Amino acid sequence: MNEEFEKKVNYCLNCKIKPCELKGCPLGNHIPEMIKLLKEEKYKDAYIEISKTTVLPGVCGRICPHMKQCQGACVRGIKGEPVSIGDLEAFTFDKANELGFSLLDCYGEIKKVNKKVAVVGGGPAGLTCAAFLAKEGIDVTIYEKYNELGGILVHGIPDFRLPRKIIKDTINKILELGIKVEYSQELGKNLTLDELKKKYDAIFLSVGANKSSKMGVEGEELNGVYGGNELLEYGNYPDFTGKKVAVIGGGNVAMDCCRTIKRLGAKEVKIIYRRAEKQMPAEEKEITDAKLEGIEFLFQNNVVKIIGKEKVEKLELIKTKLVKKEGETREVPVNIENSNYQIDMDIVVMALGSQVSDEVLTLGLTLNKWGNIIVDENYKTSDEKIYSGGDLAGMKGTVAWAAKSGREAAKSILNDIL
């Protein structure tokens, strides 16, 4: 055990109230127990412990918003720095890889049962659901529209934040549970719910929600305006070399976009966010890294319109002030009259959030006003044979919350079909 790692594991108080686990972690990972086993250098046992609640420790240990989740709830963080829970979770997975441990080592002998479940979408929710079903002996097949699994892990998070090897190793461990995969299968194109309902005892839908939201401002239809989600998903980037680029938004998608665009040769990259820095939903570390890489932040600025004849030429902004309105818990941005100004711009990227794709409207399931599939407390949709989770069902937008929905949906499916 090296000195730095020893310092990290010994820093944990192993407190009885476990706020990191019970309040901070969406998955309820057994964090103090895992760290205690790491202290004792029982690496296999530590991996077994974390695998009781998640199959994505190598991913979540690297990309979760730890300061808004587990580390933000850590007792040690009240008066000082919290325990480096993300680093220790990632270490546990990496050590399992190094020593050749698999999820089969964690779950033991799997007794097959005569039940079949289809999982549509191979992102965090789908992979987790599939794993927690398979370990109970269910015959699981994942239907994936691309030629590789991972969903947003592959098509939304840049390699500099989440190395592709970690994703591949994570998926391989999950598939070792006996899960089958059908690639290049997309709902509404070469796959229908009706045919899946005939073949399977239950269906879990987790195709994500990766259609970029729009602002509805003048000029949004000009050449040079892009959706951030689509840029990251398809990797079909315009030539950013020497360009001035504005990224609109304050979440992790905005951070991933601006850092990727800077790496692709943009001359200037500006983040435009209508609230204050402290209100940004992006992880603090991602904001800091973006600043270190030369990204400029224009806080409390709102987009009025995008200007140009056929392509983007300028951006008109207006300053905002934060006002706490009656009945509101969060300060809201209000435009400051006559504070408009213009800046030269070549490309504008909208990273304001995501919506479900239009194909979801054709599935025949009950949706809410935002187009998400409505599920009950058991993740069941309006069709008793179909369950849903992740972004598609309007869950909170982090990998851990998506994974939780997949795990809990698996429990509901098992309860219903066994």
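In this report, we go over the structure that sits alongside the text. Each residue is numbered by its place in its chain's sequence as written, counting from 1. In view of the model being predicted, local features appear only for residues whose pLDDT reaches at least 70, and side-chain atom pairs are presented and counted only at 80 or more, with totals across whole chains, interfaces and linings using the full set of residues. Heavy atoms throughout the structure, all of them, feed into the side-chain values; hydrogens and water do not.

1. A few points about helix 13 (residues 252–263)
Relative to the 16 Å expected for 12 residues at 1.5 Å per residue, helix 13 spans 16 Å between its end C-alpha atoms, a close match to the ideal helical length. The buried label applies to any residue whose accessible area, calculated with a 1.4 Å probe on protein chains only, is under 20% of its type's maximum; exposed applies above 50%, and partly exposed to all values in between. Under the scheme used here, helices are H or I runs from DSSP no shorter than 4 residues and strands are E runs no shorter than 2 residues, and both carry numbers assigned from the N terminus. Of all the positions in helix 13, only Ala 254, Met 255, Asp 256, Cys 257, Cys 258, Arg 259, Thr 260 and Ile 261 are classed as buried. In this structure, the buried residues of helix 13 make contact with helix 12 (228–234), strand 7 (244–248), strand 8 (268–273), helix 14 (284–292), strand 9 (296–299) and strand 14 (347–350). Just downstream of helix 13, Gly 265 is the residue with a positive phi angle, here 100°. Every helix has an expected span of 1.5 Å times one less than the residues it contains. Between two residues, a contact is recorded if the distance between any of their heavy atoms is within 4.5 Å.

2. Thoughts on the pattern of salt bridges
Put simply, a salt bridge is a Lys or Arg side-chain nitrogen that is within 4 Å of an Asp or Glu carboxyl oxygen. Per the counting criterion, the structure on display carries 29 salt bridges. A salt bridge links Asp 289 to Lys 285; the nearest nitrogen and oxygen atoms lie 2.9 Å apart. With a gap of 4 residues between them, Asp 289 and Lys 285 both fall in helix 14, about one helical turn apart. Owing to a relative accessible area of 53%, Lys 285 belongs among the exposed residues under this scheme. A salt bridge links Glu 316 to Lys 305; its shortest N-O distance comes to 4.0 Å. One end of the pair, Glu 316, is in strand 11 (residues 314–323); the other, Lys 305, is in strand 10 (residues 301–307), and 11 residues separate them in sequence. Accessibility expressed as a relative area gives 11% for Glu 316, which makes it buried. We classify Lys 305 as partly exposed; its relative accessible area is 26%. A cluster of three or more residues bridged by salt bridges with shared partners is formed by Arg 161, Asp 256, Arg 259, Arg 263, Lys 285, Glu 286, Asp 289 and Glu 293.

3. Here we look at the sheet that holds strand 16 (residues 386–388)
Strand pairing is assigned whenever DSSP identifies at least 2 bridges connecting the two strands. An order of 3-2-1-4-16 is seen for the 5 strands of this open sheet, with the pairing classed as parallel. The open sheet has two edge strands with one neighbour each: strand 3 (180–182) and strand 16. Pairwise comparison of adjacent strand axes, ignoring direction, gives a mean angle of 20° for this sheet. Bridge analysis of strand 2 (residues 139–143) against strand 3 gives 3 bridges, and the strand direction is parallel. Bridge pairing in strand 3 places Ile 142 opposite Val 181. Of the strands in this sheet, strand 1 (116–120), strand 2 and strand 4 (202–205) touch helix 8 (residues 124–134), which is tilted by about 165° from strand 2. Between N-to-C directions, angles span 0 to 180 degrees; the directions come from axes that are lines fitted to C-alpha atoms, helices contributing only their stretch in contact.

4. Describing the environment of Asn 97
Along the polypeptide, Asn 97 turns up in helix 6 (residues 85–99). The exposure class assigned to Asn 97 is partly exposed, which follows from its relative accessible area of 26%.

5. A word on the sheet that holds strand 8
Two orientations exist for strands paired in a sheet by backbone hydrogen bonds: parallel and antiparallel. Spatially, the 5 strands line up as an open sheet ordered 6-14-7-8-9, and their pairing is parallel. In this open sheet, the two strands that pair with only one neighbour each are strand 6 (225–227) and strand 9. Pairs of neighbouring strands in the sheet enclose a mean axial angle of 25°, with direction left out of account. The sheet contact formed by strand 6 and strand 14 spans 3 bridges and is parallel.

6. Some words on the pairing of strand 9
Where strand 8 and strand 9 come together, 4 bridges link them in parallel fashion. Directly across from Lys 270, in strand 9, lies its bridge partner Glu 296. With respect to chirality, the unit in which strand 8 leads through helix 14 into the neighbouring parallel strand 9 is right-handed. Convention used here: a crossover is right-handed provided that the path from the first strand, over the helix, to the second strand proceeds clockwise when the strands point away from the viewer.

7. A closer look at the pairing of strand 10
In regular strands, side chains alternate between the two faces of the sheet. As judged from the 6 bridges shared by strand 10 and strand 11, these two strands associate in the antiparallel manner. Paired with Ile 307 across the bridge in strand 11 is Lys 314. Here strand 10 folds back onto strand 11, and the loop between the two strands holds 6 residues.

8. Here's the deal with the side chain of Asn 229
Mapping Asn 229 onto the fold places it in helix 12. For Asn 229, a relative accessible area of 6% puts it in the buried group. Of note is the side chain of Asn 229, whose polar atom sits 3.0 Å from the side chain of Ser 212. Look past the residues within four positions of Asn 229 in its chain and what remains in contact with it is Asn 210, Ser 212, Val 253, Gly 353 and Ser 354. Polar contacts, as used here, are pairs of N or O atoms within 3.5 Å; protein pairs need one atom able to donate a hydrogen and one able to accept it. Residues neighboring in sequence count only if both atoms are side-chain atoms.

9. Quick look at the packing of helix 1 (residues 3–10) against helix 6
Two elements in contact, helix 1 and helix 6, have axes whose closest approach is 10 Å; the angle formed by their N-to-C orientations is 120°. With respect to each other, helix 1 and helix 6 are oriented oblique. Relative to helix 6, the crossing made by helix 1 is left-handed. Residues Phe 5, Lys 8 and Val 9 of helix 1 touch helix 6, and the partners they reach there are Asp 87, Leu 88 and Phe 91. Class assignment for the residues of the contact of helix 1 with helix 6 results in 4 nonpolar, no polar and 2 charged. Under this scheme an angle from 65 to 115 degrees is roughly perpendicular, one under 35 degrees roughly parallel, and one over 145 degrees roughly antiparallel; angles in between are oblique. Should the near helix be turned anticlockwise from the far one by less than a right angle, the crossing is termed left-handed; should it be turned clockwise, right-handed. Note on residue classes: Ala, Val, Leu, Ile, Met, Phe, Trp, Tyr, Cys and Pro are nonpolar, Asp, Glu, Lys and Arg are charged, and everything else, Gly too, is polar.

10. Thoughts on the packing of helix 3 (residues 31–39) against helix 6
At a minimum axis separation of 11 Å, helix 3 and helix 6 run at an interaxial angle of 60°. Read as a crossing pair, helix 3 and helix 6 show a hand that is left-handed. Here Ile 31, Met 34, Ile 35 and Leu 38 of helix 3 come into contact with helix 6, specifically with Ile 85, Leu 88, Glu 89, Phe 91 and Thr 92. Taken together, the residues of the contact of helix 3 with helix 6 break down into 7 nonpolar, 1 polar and 1 charged.

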